[in-house]
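Single-letter residue listing:
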Amino acid sequence: GLRHEGIYRKNGAKSRIKVLMEEFRRDARNVKLRINDNFIEDVTDVLKRFFRELEDPVFTLELHPQWKEAAEIFSKPQRLERYKELIHRLPRLNHKTLAALIGHLYRSVGHLPARSPGPAGVPKASQQCGVS
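Residues numbered from 1 in each chain as written. Predicted model: local features only at pLDDT ≥ 70, side-chain atom pairs only at ≥ 80, totals over all residues. Heavy atoms only, no water.

## Quick notes on the layout of surface pockets
Heads up, the condition is: Points on a 1 Å grid over protein atoms alone make up a cavity when a 1.4 Å probe fits among them but cannot get out, and a pocket when they form an open set with protein on both sides within 12 Å along at least five of seven lines; lining residues each have an atom within 4 Å of a point. Grid points are joined across faces, edges and corners, and a volume is the space filled by probe spheres set on the points. Starting at the N terminus, helices and strands are each numbered in turn, a helix being any DSSP run of H or I of at least four residues and a strand any DSSP run of E of at least two. Polarity classes work like this: nonpolar for Ala, Val, Leu, Ile, Met, Phe, Trp, Tyr, Cys and Pro, charged for Asp, Glu, Lys and Arg, and polar for all others, with Gly in that last group.
Approximately 750 Å³ is the volume attributed to the largest pocket. Looking at the largest pocket, it is lined by 24 residues, and the ones nearest its centre are Phe24, Leu47, Phe50, Phe51 and Thr97. Per-element tally for the lining of the largest pocket: the top contributor is helix α5 (residues 92-110), with eight residues. Within the lining of the largest pocket, the residues separate by chemical class into 16 nonpolar, four polar and four charged.

## Digging into the environment of Asp27
So the rule is basically this: Nitrogen and oxygen atoms within 3.5 Å of one another constitute a polar contact, given that in protein one can donate a hydrogen and the other can accept it, and given that sequence-neighbouring residues count only through two side-chain atoms.
Residue position: Asp27 is located in helix α1 (residues 14-27). Of the polar contacts made by the side chain of Asp27, one reaches the side chain of Asn30; its length is 2.6 Å.

## Details of the nonpolar core
Spelled out, the test is: To qualify as a nonpolar core, a set must consist of buried Ala, Val, Leu, Ile, Met, Phe, Trp, Tyr and Cys residues joined through side-chain atoms within 4.5 Å. Note on exposure labels: buried denotes an accessible area under 20% of the residue type's maximum, exposed denotes more than 50%, and partly exposed covers the range between, all computed with a 1.4 Å probe on protein chains only. Throughout, a contact is declared for two residues whenever any of their heavy atoms are within 4.5 Å.
If you look at the biggest cluster of nonpolar residues, it comprises eleven residues: Phe51, Val58, Phe59, Leu63, Trp67, Ala70, Leu86, Leu90, Leu98, Leu101 and Leu105. Elements with a minimum of two residues in this core: α3 (64-71) and α5. Looking at this core element by element, the count peaks at three residues for α5. For Leu98, the residues in contact, after removing those within four places along its chain, are Val58, Phe59, Ile87 and Leu90. Ranked by size, the runner-up nonpolar core spans six residues in total, among them Ile17, Leu20, Phe24 and Val46.

## Notes on the packing of aromatic side chains
What counts is decided by this rule: Stacked, tilted and edge-to-face pairs are distinguished by plane angle, under 30 degrees for stacked and over 60 for edge-to-face with tilted covering the rest, among Phe, Tyr and Trp rings (Trp via its six-membered ring) whose centres lie within 6.5 Å.
Tallied over the full model, the rule gives four aromatic pairs. Ring centres of Phe24 and Phe50 lie 5.8 Å apart, and the angle between their planes is 50°; on these two criteria the pair is classed as tilted. Residue Phe24 is located in helix α1, and its partner Phe50 is located in helix α2 (residues 40-52); the two are separated by 26 residues in the primary sequence. A ring pair is formed by Phe50 and Phe51, whose centres lie 5.9 Å apart and whose planes are at 75°; its orientation type is edge-to-face. The class of Phe50 is partly exposed, set by a relative accessible area of 24%. Three or more aromatic residues joined by ring pairs form one cluster here, namely Phe24, Phe50 and Phe51.

## As for the side chain of Asn94
Looking at the element boundaries, Asn94 is found in helix α5. Look at Asn94 and you get buried, because its relative accessible area is 14%. If sequence neighbours within four positions are ignored, Asn94 has contacts with Pro57, Val58 and Thr60.

## Details of the environment of Arg79
Its location among the elements puts Arg79 in helix α4 (residues 76-89). For Arg79 and Trp67, which are twelve residues apart along the polypeptide, the C-alpha to C-alpha distance reads 9.9 Å. For Arg79, the residues in contact, after removing those within four places along its chain, are Ala70, Ala71, Ile73 and Phe74.

Here it is as structure tokens:
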């Protein structure tokens, strides 16, 4: 699906999304996605909704003020160092989820067609993880 144009811009079908969301809520770790059974738009729509609807976002409510402060650090090296510190303070599950999400987005950008507008077409990880 990474080569699919507009991977996060197109919406899926509400009925299929509802079924997938129920599966993810029941047992997200054991949901099996198959090319013949799931439409890419449905899967990406569910992924976006799943992150939006988390009770405590991946970046955590507790650390939210520190993330906002870090984003305002003018010096890029200092800002990145602060981000690293905050990432290491995340709970283990959040840390693993963030790593998987960033890896996925990195691979998505790597598959953008030459005529693509670039990473602007990929959603900001912070938006999808509940941090704004």
